[in-house]
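# Residue-level structural notes
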Amino acid sequence: MSDETVCLQSIHFVLAANGFRRSASISKHIYGGVLSKSDLDFPIQIEIFDPFFVRKPDVILLSKPDSLPTRLPHVFADKHLCYLDDQGAEFDRYDPVGNITLVLASLHHLLDQYATKPELLQQEFRRELPAYWQQNNEELVYLAAESSKNIVYEYFHYLDPAGTKLGEIIVADDATGTRDWRRKRQNAEQIGTGHAVIVSLPTDIEIPDKDWPPTQFTHVAAWLKASGHQASYQRLVTQAFEHIATSSSCFFIFQLQGMFLGGLLSFRSNRSRRVIREKFKRTRPGRRGRQKKLDVPLHRKVSLLSSLQKYESADTFQRLNVRDVRASTVYTRNLVYERNLSTINIAVIGCGTLGGYVASLLQHAGAGTGGGSLALYDADELHPENLGRHLLSSRYLGQNKATALATELNDNPPVGGCVHAIPSKVDPCEYEAFAKQYDLVVDTTGEITFSTSLCHEAHRSEYMVPVLYGWIDAGGLAARTLLDQPGSGLACYACLKTRDSTGKIGERFQLFKNGVEIPSWQPRPCGIGGFLPFPTQASVTAAGLAQAQSLDWINNSPAPRFRHISLDPRACDTKSADLKPLKECPCCQTEWHT
C-alpha cells in the first residue's frame, strides 16, 4: 500500500474509535460525529484533505446547542471552526495517529470552553474581533499615523506587479505621509481623501449577541452608547458630525487591545451633500459679523447623520480591518529588547559591503525613525565588482554609495524615514565638529589606519560619544566588533594591536591557527585597488554583531564590548569579552593621551 493509503487508514481508525463515521463520498474523506461536553452535544464534520497534514483538516460545527449564545468565538459565518493556530501547531508527517489525535484534543478544548466557561466567550470574542469585522471587500487599510489627533486618510487605486487594479487606504499624520505612501505604489491614482479619527474602545466592551457586526454608522454609535462608554460614544459622534460637515467623509479607527478596526463613513450623492450644507451647520451669525459656534446636542447629530442614509443608493459605512505599519510598531515587534534605536542620532561611516548591511539592520532596529536620524558617510561609487556582496543592486551602479543606500533605506519605513547621505569621507582631524551631532558612531570602513586615527581623536574629544567598530578579519574568516566608550577604562580600538620596543606591530589575538592556508590578497591594476575574496556571509555576520551590540548598548548592557565569530575552521576562536587596555597603547594609555 502507498504511504497515503496507510495514513488514511490510521486516521480512519482513530476517528471511528471516537464515534465518527465516514460519509458515502468516494472522492472525499469526510467524517461526521458528535462531541459531547457537559450534557451539550456538538455535531461535527471533519474533512481530511491531506493525510500528511501539510494542510490541516477542515472542521465544521453543523449546529450549536440552543442554550449557547447566537454567536460563538472561533466560528466563522460559514460554520467553520478555527480550532488550532496554524503557526503554533506542529504536525508530524510520520505520525498520522498523533496528528488526528491533536486535532480531536483541540476540538475538545474549544468545545469545553463553550460548554463550561461562558465567562471566557466575551474575552475570546474581543481577542478575535478582526476576524468577524471585515466585510467582503478587497481594499487594504494601513495605519501609519503615530499621532491620534488631526490625522488624515487617503483612498487610491494602483496596479500590482501583475497589472491588477487594487484599492488601498492609508492613514497618516498628514498629507505628506499619505503622499509618501502612495508613491510606493505603481501607477497610483488618488480617489478620495479626508479626516481620520482614532476611537479607543474600553477593554471590557461587550460584543452584542445579535445584529453584529454593525452595518451602519448609527449602529456603531448605538453599540457604544448601549455599552455605557459615554466618552467613546461622544468622541465618535462629535468627530463624525464635524468631518462630514466639512468633507462628506470620515475614516474611523477603533482601537481595542492592540487591534485596529476600520470604518469608512462617506456620503457621495448630490442630495446628501446639499442636506449637509443646509443642516450640518456648526456656527451661526453673531454680533459684528462674527460667527458664533453652535452647540448641537449629541442626539441631534446622530439624527442628522442617520437621515443621510436615505439619500444614498449604496452603503455609506464600510467595515475594514486595519494593518498597523506605524514605525513604533514595525521596529519593535520582533525585538526582545525594551528599547530600540529610534529617537537617537547615529552615524555610519563607510557604505561598502559591511556598511550597507549594518545600516539596513540598524534601520530594522528603529534607527532613523521616531525623530532620530541615520547618517551615512561614503565618498565612493558603486562599481560592478561590488555587486557580488553588496546590499545595493545594479540599479545604483555609478552612484555614490551613501546616496544610493539612503535612497534604498528611506523606502523601507512606511512613512517619514530619516536616513540621509553625506557623500564624502570623514576627516578624523575634524572629529570634534563631527561627533557632537551624534549619539553613536559606527565605523564599518575596515581600514585600520582610518579607524586608528578615528579612535585617537575620539579619546581626546570633549564629546564622549561611543564608537562601534565593525570589521571582517582573518581574510574574511572572522567577524568582529568593538564598542569603544571613551572614559570607560576599557580597551580602545588601538588596544587590539601590540607594539614591541622596536615599534613592530602585531595582533593582540592570534587570527589563524598554526599551519593553515591563509587567504591571500588579490592585486589589481593601479588606481583600482586590490581586494580580498570572501563571501557575503562575513558581511552579514559582522552586521548582525553590530546590530546586536547597538541594541545592547542602548539598553544599558553593552558587555561584552569585544565580540568575535569565527566563520572558518582556519580562524582562531577568540573569546568575546570586556578587554582591559594595553599598558603600552599609544592611544588611551601613554603620554600621547593628552
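Our structure is the block above this text.
Residues numbered from 1 in each chain as written. Predicted model: local features only at pLDDT ≥ 70, side-chain atom pairs only at ≥ 80, totals over all residues. Heavy atoms only, no water.

### A few points about the sheet that holds strand E4 (residues 58-61)
Overall, antiparallel pairing links the four strands, which are arranged E1-E2-E3-E4 in an open sheet. If you trace the sheet from one side to the other, it starts and ends with strand E1 (21-22) and E4, each paired once. Note that strand E3 (residues 40-48) and E4 share four bridges and pair antiparallel. Paired with Gln45 across the two strands is Ile60, which belongs to E4. Against the sheet, helix H2 (residues 96-116) engages strand E2 (29-37), E3 and E4, with an angle of about 150 degrees to E3. (Pairing = 2+ DSSP bridges. Helix = DSSP H or I, 4+ residues; strand = E, 2+ residues; numbered from the N terminus. Contact = heavy atoms within 4.5 Å. Axes fitted to C-alpha atoms, helices over the stretch in contact; angles between N-to-C directions.)

### Details of unusual backbone geometry
With an omega of 0 degrees, the peptide bond between Trp212 and Pro213 qualifies as cis. Here Pro213 is to be found in the loop between strand E8 (186-200) and helix H6 (217-226). Of the consecutive residues Ala559 and Pro560, the connecting peptide bond is found in the cis state with omega at -10 degrees. Relative to the elements of secondary structure, Pro560 occurs in the loop between helix H15 (536-554) and strand E22 (562-566). Despite not being glycine, Gln257 shows a phi value in the positive range, around 50 degrees. Tracing the backbone shows Gln257 in the loop between strand E9 (249-256) and strand E10 (259-266). Residue Gln257 is classed as partly exposed on the basis of its relative accessible area, which comes to 47%. Here the phi dihedral of Ala474 falls at roughly 55 degrees; this positive angle occurs in a residue that is not glycine. (Buried < 20%, exposed > 50% of the residue type's maximum accessible area, 1.4 Å probe, protein only.)

### Let's talk about the pairing of strand E16 (residues 419-422)
Sheet topology places strand E15 (residues 373-377) next to E16; four bridges connect them, and they run parallel. Bridged to Leu374 within E16 is Val419. Tracing the backbone out of E15, into helix H12 (residues 401-410) and back to the parallel element E16 gives a crossover that is right-handed. (Right-handed = clockwise from strand over helix to strand, strands pointing away.)

### Some thoughts on the nonpolar core
Leu236, Phe252 and Phe254 are the most contacted members of the largest nonpolar core, which has 37 residues in total. For this core, the elements supplying multiple residues, two or more each, are helix H4 (129-133), E8, H6, helix H7 (230-247), E9, E10, helix H8 (270-279) and helix H9 (298-307). Top contributing element to this core by residue count: H7, with six residues. Those residues in contact with Phe254 that lie beyond four places of it in its chain are Trp133, Val199, Leu201, Val220, Leu236, Met259, Phe260 and Leu261. Ala406, Leu440, Leu468 and Ala479 belong to the second largest nonpolar core, which has 35 residues in total. (Core = buried A, V, L, I, M, F, W, Y, C linked by side-chain atoms within 4.5 Å.)

### Notes on the sheet that holds strand E14 (residues 345-349)
Pairing in this open sheet of seven strands is mixed, and the strands run E16-E15-E14-E17-E18-E19-E22 from one edge to the other. At either end of the open sheet lies a strand with only one pairing partner, and these are E16 and E22. Between one strand axis and the next, the sheet turns by 15 degrees as a mean value, whatever way the strands run. Where strand E19 (residues 478-484) meets E22, five bridges bridge the pair, whose relative direction is antiparallel. Bridge pairing links Ala478 to Ser566 in E22. In the packing of helix H11 (residues 353-364) onto the sheet, the strands contacted are E14, E15, E16, strand E17 (440-443) and strand E18 (467-473), and the crossing angle to E15 comes to about 175 degrees. The strands touched by H15 are E17, E18, E19 and E22; relative to E19, the strand with the most contacts, the crossing angle is about 25 degrees.

### Description of the packing of aromatic side chains
Across all of its chains, the model carries 20 aromatic pairs by this definition. Centroid distance Tyr377 to Tyr438: 6.3 Å. Interplanar angle 85 degrees. Geometry classified as edge-to-face. In this pair, Tyr377 is assigned in strand E15 and Tyr438 in the loop between helix H13 (431-435) and E17, connecting sequence segments 61 residues apart. For Tyr377, a relative accessible area of 8% puts it in the buried group. Judged by centre distance (6.1 Å) and plane angle (50 degrees), the ring pair of Tyr431 and Phe434 falls under tilted. Placement of the pair is Tyr431 and Phe434 together in helix H13, with a separation of three residues, close to one helical turn. Summarising the burial analysis for this pair, Tyr431 and Phe434 share the class buried. A connected cluster of aromatic rings, assembled from ring pairs, spans Trp133, Trp212, Phe217, Trp223, Phe252, Phe254 and Phe317. Sitting over the ring of Phe49, Arg55 keeps its end group 3.6 Å from the ring centre. The ring of Phe534 carries the charged tip of Arg389 above its face, separated from the ring centre by 3.7 Å. (Phe/Tyr/Trp six-rings, centres within 6.5 Å; stacked < 30°, edge-to-face > 60°. Lys NZ or Arg CZ within 6 Å of the ring centre and 35° of its normal.)

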